[in-house]
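Breakdown of the fold
Residues per chain are reported as follows:
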Amino acid sequence: MHDIVTAIPGSPVTAVPVVRGTTPLPVDPTTNFGDMYVIDDPLTEGPGAASPVVGRAQGFYIFASQTQLVLQLCVNTVFTAGRYNGSYLVVQARDAILDKVRELPVIGGAGGFRGVTGYVLLRTQSINVTTKNAVLKIDMYLRNVW
């Protein structure tokens, strides 16, 4: 997942700030409690920007802690290629972004993922602290409940 907050050549912005909180976080004074971003991030097969796109992560995140870099993440992972083209999974959870590995629940899905539950493991592959652009590795573990 490529979360592009600051435009770079060849990569348009995919995470847009829509609400600015009022209280700077002690761990990062450039980020405020309550900052909210809407995202439409590309999901690629690998970490490189030139890797084939297989879908989009569409939704939003809010900085939801007054003391830590913790998000409330609400995202639909929409597949746009391959066997699951047009299907999506819904992830909604707390994301402590400084943790090496974060486990977030999959709360549902549609299309080829109807009735699915499970979880995703998020790992920050790379981050630029100046631009706040990041690449996340997502591993999905799913099961069908029917």
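What this report covers is the structure whose coordinates are included nearby. Predicted model, so just to flag it, every value in this text is computed and none were measured.

Once that is clear, we can look at the pattern of salt bridges. As enumerated under the stated definition, the model contains six salt bridges in all. The salt bridge partner of Arg102 is Asp95, with a shortest N-O separation of 2.7 Å. Each member of the pair, Arg102 as well as Asp95, is classed as buried. Where Asp139 meets Lys137, a salt bridge forms, and the shortest distance between an N and an O atom there is 3.9 Å. Put simply, Arg123, Lys137 and Asp139 are held in one network by salt bridges that share partners.

Our next topic: the pairing of strand β6 (residues 53–63). Note that strand β5 (residues 36–44) and β6 share nine bridges and pair antiparallel. Paired with Ile39 across the bridge in β6 is Gly59. Sheet topology note: the β6/strand β7 (residues 70–79) ladder contains nine bridges and is antiparallel. Note that in β7 the partner of Tyr61 across the bridge is Leu73. Hairpin connection, β6 to β7: the antiparallel pair is bridged by six residues.

So, on to the nonpolar core. Ile39, Tyr61, Phe63 and Leu104 are the most contacted members of the largest nonpolar core, which has 25 residues in total. When contributions to this core are tallied by element, the ones reaching two or more residues are β5, β6, β7, β8 (88–96), β9 (102–110) and β10 (116–127). The dominant element in this core, judged by the number of residues it contributes, is β7, at four residues. Contacts of Phe63, omitting those with residues within four sequence positions, involve Leu25, Thr31, Asn32, Phe33, Gly34, Asp35, Tyr37, Leu69, Val70, Leu71 and Ile97.

Reading the values: rules and limits
Residues numbered from 1 in each chain as written. Predicted model: local features only at pLDDT ≥ 70, side-chain atom pairs only at ≥ 80, totals over all residues. Heavy atoms only, no water. Salt bridge = Lys/Arg side-chain N within 4 Å of Asp/Glu carboxyl O. Buried < 20%, exposed > 50% of the residue type's maximum accessible area, 1.4 Å probe, protein only. Pairing = 2+ DSSP bridges. Helix = DSSP H or I, 4+ residues; strand = E, 2+ residues; numbered from the N terminus. Core = buried A, V, L, I, M, F, W, Y, C linked by side-chain atoms within 4.5 Å. Contact = heavy atoms within 4.5 Å.

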